[in-house]
Amino acid sequence: MHHKHLVCRVCGYLNENPPWGEDGKSPLFELCPCCGVEFGYEDATPQAVRAYRTKWLTNGAQWLIPERKPTDWDLEAQMAKIPEEYR
Ligand SMILES: [Zn+2]
């Protein structure tokens, strides 16, 4: 699967399962372990994605599940994976 379908639209986190399903139209309605966005709800449009991202970054880019945060986590590198249309 193309990695574009695995990354979180908001923060670029690489998920094990595609947040929006294999077809990109069947969201899981799960929360991103990194930014905490609910797939299929708060990331439904580019505008919503950008608004959530701004809020998340303003709050210090905290991880929803800190245990999942890599010790060498690089916010810039992760955000570079965000699909073009959601930047
Ligand atoms: Zn995320």
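The following refers to the structure shown. Note that the structure is a prediction, hence the values are computed from the model and not measured.

Within the protein, Cys 8 (SG), Cys 11 (SG), Cys 32 (SG) and Cys 35 (SG) serve as the donor atoms for the zinc ion, at 2.3 to 2.4 Å. Here the zinc ion is ringed by four donor atoms whose angles at the metal span 106 to 114°, and the overall shape comes out tetrahedral.

Another point: the environment of Cys 8. Here Cys 8 is to be found in the segment before helix H1 (46–58). Exposure remark for Cys 8: the relative accessible area of 0% places this residue in the buried category. Sequence separation between Cys 8 and Lys 25 is 17 residues; the distance between their C-alpha atoms is 14 Å. For Cys 8, the residues in contact, after removing those within four places along its chain, are Tyr 13, Asn 15, Cys 32, Cys 35, Val 37, Phe 39 and Ile 82.

Enumeration over the complete set of coordinates arrives at one salt bridge. The closest approach of N and O atoms between Glu 84 and Arg 87, which form a salt bridge, is 3.8 Å.

In total, this model carries two aromatic pairs according to the counting rule given. Here Trp 63 and Trp 73 contribute two aromatic rings whose centre-to-centre distance is 5.3 Å and whose plane-to-plane angle is 85°, an arrangement assigned as edge-to-face. Of this pair, Trp 63 sits in the loop between H1 and helix H2 (75–79) while Trp 73 sits in the loop between H1 and H2, and the two are ten residues apart along the sequence. Comparing Trp 63 with Trp 73, the two get one shared label, buried. Through a chain of ring-to-ring contacts, three or more aromatic side chains come together here, namely Tyr 13, Trp 63 and Trp 73.

When you line up the elements, Phe 39 lands in the segment before H1. With a relative accessible area of 2%, Phe 39 lands in the buried category. Residues Phe 39 and Glu 85 lie 46 residues apart in sequence; the distance between their C-alpha atoms is 16 Å. Once residues within four sequence positions are removed from consideration, Phe 39 is found in contact with Cys 8, Asn 15, Pro 19, Pro 27, Leu 28, Phe 29, Glu 30, Leu 31 and Cys 32.

The rules behind the values
Numbering of residues begins from 1 in every chain and follows the order in which that chain's sequence is written. Note on the predicted model: pLDDT of at least 70 is required for a residue's local features to be given, and 80 or more for side-chain atom pairs to be given and counted; whole-chain, interface and lining totals, by contrast, use all residues. By convention in this description, side-chain values take in all heavy atoms of the structure and omit both hydrogens and water. Coordination shells were defined by N, O and S atoms within 2.8 Å of each metal, extended to 3.2 Å for Na, K and Ca; water is absent from the atom set, which can make sites look incomplete. Under this scheme a four-donor centre is tetrahedral when all angles range from 85 to 135 degrees, a four-donor centre is square planar and a six-donor centre octahedral when opposite donors are above 155 degrees with the rest from 65 to 115, and any other centre is irregular. Note on conventions: DSSP H or I runs of at least 4 residues are helices, E runs of at least 2 residues are strands, and numbering of each starts at the N terminus. Whether a residue is buried, partly exposed or exposed follows from its accessible area with a 1.4 Å probe, protein chains only, as a fraction of its type maximum: under 20%, in between, or over 50%, in that order. Pairs of residues are marked as contacts when any of their non-hydrogen atoms sit within 4.5 Å. For this document, the term salt bridge refers to a Lys or Arg side-chain nitrogen within 4 Å of an Asp or Glu carboxyl oxygen. Ring pairs shown here join Phe, Tyr and Trp side chains whose ring centres sit within 6.5 Å, with only the six-membered ring taken for Trp; geometry is labelled stacked below 30 degrees between planes, edge-to-face above 60, and tilted in between.

So yeah, pure geometry; function would need other evidence.
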